[in-house]
Amino acid sequence: MTPQDFDFLAQLLRQRSGLVLTPDKSYLIESRLAPVARREGMNSVDDLIATIRARRDERIVWSIVDAMTTNETFFFRDKAPFDLLRDVVLPDLTSKRGGGGKLRVWCAAASTGQEPYSIAMTIDQAPQIHKGAMVEIVGTDISPRVLEKAKSGLYSQFEVQRGLPIQLLMRYFDKIDESWRLKDSIRSTVQYRTQNLLEDFRGLGKFDVIFCRNVLIYFDGASKTNVLERLAQQLNDDGALILGAAETVMGITDAFRAASGHRGLYLRNPGWRRAA
Amino acid sequence: MKTCLVVDDSRVVRKVARRILEEMRFDISEAADGMEALERCRGGMPDAILLDWNMPVMNGIDFLRALRREQGGEKPVVVFCTTENDMDHIAEAIRSGANEYIMKPFDSEILESKFAEVGLV
Ligand SMILES: C[S@@+](CC[C@H](N)C(=O)[O-])C[C@H]1O[C@@H](n2cnc3c(N)ncnc32)[C@H](O)[C@@H]1O
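Residues numbered from 1 in each chain as written. Chains lettered and ligands numbered in written order. Predicted model: local features only at pLDDT ≥ 70, side-chain atom pairs only at ≥ 80, totals over all residues. Heavy atoms only, no water.

**Observations regarding empty space enclosed by the protein**
Residues and elements named next belong to chain A. What counts is decided by this rule: The distinction between a cavity and a pocket rests on a 1 Å grid over the protein atoms alone: a 1.4 Å probe fits inside a cavity but cannot get out, while a pocket stays open yet meets protein on both sides within 12 Å along at least five of seven lines, and a residue with an atom within 4 Å of a point counts as lining. Grid points are joined across faces, edges and corners, and a volume is the space filled by probe spheres set on the points. For this classification, the nonpolar set comprises Ala, Val, Leu, Ile, Met, Phe, Trp, Tyr, Cys and Pro, the charged set comprises Asp, Glu, Lys and Arg, and every other residue, Gly included, is treated as polar.
Under the criterion given, the structure shown has three cavities of 30 Å³ or more. When its volume is computed, the largest cavity comes out at roughly 420 Å³. What lines the largest cavity is a set of 24 residues, and nearest its centre among them are Thr70, Ala109, Asp141, Asn214 and Val215. A per-class count over the lining of the largest cavity returns 10 nonpolar, nine polar and five charged.

**Describing the sheet that holds strand E6 (residues 190–194) of chain A**
All names here are of chain A. Here is the rule: DSSP calls a pair of strands paired once it identifies at least 2 bridges connecting them. We count a stretch as a helix when DSSP gives it H or I for four or more residues in a row; a strand needs E for two or more, and each element gets its number in order from the N terminus. A fitted line through C-alpha atoms represents every axis, and for helices the fit uses only the stretch in contact; the resulting angles, taken between N-to-C directions, go from 0 to 180 degrees.
Judged by pairing direction, the sheet is mixed, and its seven strands sit side by side in the order E6-E2-E1-E7-E8-E10-E9 without closing on themselves. A single partner strand is all that each edge strand has here, and the edge strands are E6 and strand E9 (256–258). Within the sheet, the average angular offset between the axes of one strand and its neighbour, ignoring direction, is 25°. Note that strand E8 (residues 235–243) and strand E10 (residues 265–268) share three bridges and pair antiparallel. When the sheet's bridge partners are listed, Ile242 is paired in E10 with Leu265.

**Considerations on the site of the ligand**
Residues and elements named next belong to chain A. Convention followed: Any residue with at least one heavy atom within 4 Å of a molecule or strand is counted as near it. For this analysis, a polar contact is any N or O atom pair within 3.5 Å, provided that within protein one partner can donate a hydrogen and the other can accept it, and provided that sequence-adjacent residues contribute only side-chain to side-chain pairs. Using the Shrake-Rupley algorithm and a 1.4 Å probe, accessible areas are obtained, with residue cover drawn only from the displayed protein chains. Those molecules having more than half of their atoms within 2 Å of a cavity or pocket grid point set are described as sitting in that cavity or pocket.
Of all residues adjacent to the ligand, which total 21 residues, the nearest are Thr73, Arg77, Ala109, Asp141 and Asn214. Ser17 has a polar backbone atom sitting 2.8 Å from a nitrogen atom of the ligand. In the model, a nitrogen atom of the ligand is placed 3.2 Å from a nitrogen or oxygen of the Glu115 side chain. The protein chains hide 97% of the 600 Å² of surface that the ligand would expose on its own. The cavity where the ligand resides is the largest cavity.

**Observations regarding helix H6 (residues 114–125) of chain A**
All names here are of chain A. How we decide: What a helix is expected to span follows from its residue count: subtract one and scale by 1.5 Å. Residue burial is assigned from relative accessible area. The probe radius is 1.4 Å, only protein chains are included, and a residue is buried under 20% of its type maximum, exposed over 50%, and partly exposed in between.
In this model H6 runs 16 Å from its N-terminal to its C-terminal C-alpha over 12 residues, within 8% of the 16 Å that 1.5 Å per residue would give. Across the 12 residues of H6, 10 count as buried, placing the element largely inside the fold. All buried positions along H6 are accounted for by Gln114, Glu115, Pro116, Tyr117, Ser118, Ile119, Ala120, Met121, Thr122 and Ile123.

The following block contains the structure:
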C-alpha cells in the first residue's frame, strides 16, 4: 500500500469512527479489508482503496469502517467492573431511589453482546433488585454486524468458556446443537441500536449507569474529550460511568471525577458545565 | 508453589495441560486414570485437579465421588476437562463436587480463565 493510500484510509477512519490508525497497526489493513475487497468483486485491497478514492461510495466506506473495528470482547471482562456494579453502584442507586423507579443502563460499545449480557446477569442476581423491577439495558455499537450476533444471543463453546463461570452457563444458557443460547429472560432485557459515538446520541435519553469500555482507547485526545463530555450529559446527576482498565478521564475532561477507592468508576462532577 | 494433579488417559493431553499449567507456575503431577489419581491423592492432596471424564479402570466422575469421601478430600479444587459438553454431564459433575468445568478442546486462555474463576490464580 502506498503512503498516500495509507494516509487516505487513516483520515477516513478517523473521521468516520474516531479510530486512530497508526503505521504500527498497518498489518491489520490487509487481513481485515481483503474480505471486503473480495465481497465487492475486487482483486486487492489496493483496488478497493483506489475505487473509493475515485468515487466515495458510502456503502463501501461503511463496510470498510465496520471491518476495521476491533470487536474483541468476552463475558465479565476484567471482572472488577461487574463487582463494582453489584457491590457499589446498584446498592447506591437503589437506596437513593427507594427501590422504586426505573433503572437505565447503557453499554456504549456493546460489540457481540457479552458485556451487556454480563450486566444483565449481574443485575438479575443482585439482591437489591426486586423481581419485576423496571430495568432497561441499551446496547449500542457502530457496527450493525456485531449487533446482529448480540441480538441472536448465540455463542460458541469457546466464547462461553471465556470469563463465564460454569454456574452461570448452567443457569442462563441452553445448548442448541453445538452452540449455547442465552435464555430469553436475560436476552429480552437488552435492547440494541446502531449508534456511532461520534454522532449525536441524545435521542437515547438519560441513564443511571454507562459502561463505555475499551473503545475510547482507539480514539485521539480530542475525540475522547468530545465523547466523554457528551456522555456526561446523558448521565443522571447521581449516575455512574464505568471505563475500561486502560482508560481514564484524567487530563481529558473535568466532566467526571474518579470515585475514590473504586478503580474504573467515575461520577459526574457537579460543578462542570459543557462549554457552549 | 501450588500443586496440580493432571488426570487424563491421553499422554498428549497431559503434556499440553502440563505445559500450560507450568507456565502458570503450578507444580505438576500426572495420573492416567481415576484409580491412579486416587492413590496419588492418598499420598498427599494437591491444591488443584484437572480431571478427564472417560478413562479406563476408573472414570473421572467415580474418582471425584470417591475423592470427596476421603480424609481431606474436600480440599482440592477440581476442574473437569472433558469432551462431554452437554448440560446433563455438566450438572452431574457439579452435583458430584466439581468446582469448574472445561469442555474440550481447550487452550491456555480457557484454562487460565477457569482457574482464575475458582481462585487458583
Ligand atoms: C474492543 S470492543 C469492546 C467491547 C466491550 N465494551 C468490552 O470491553 O469487552 C470495541 C467496540 O467498539 C466499537 N466501536 C468502535 N468505534 C466506535 C464508535 N465510533 N462508536 C461506537 N462504537 C464504536 C467497535 O465496533 C467494537 O465492537
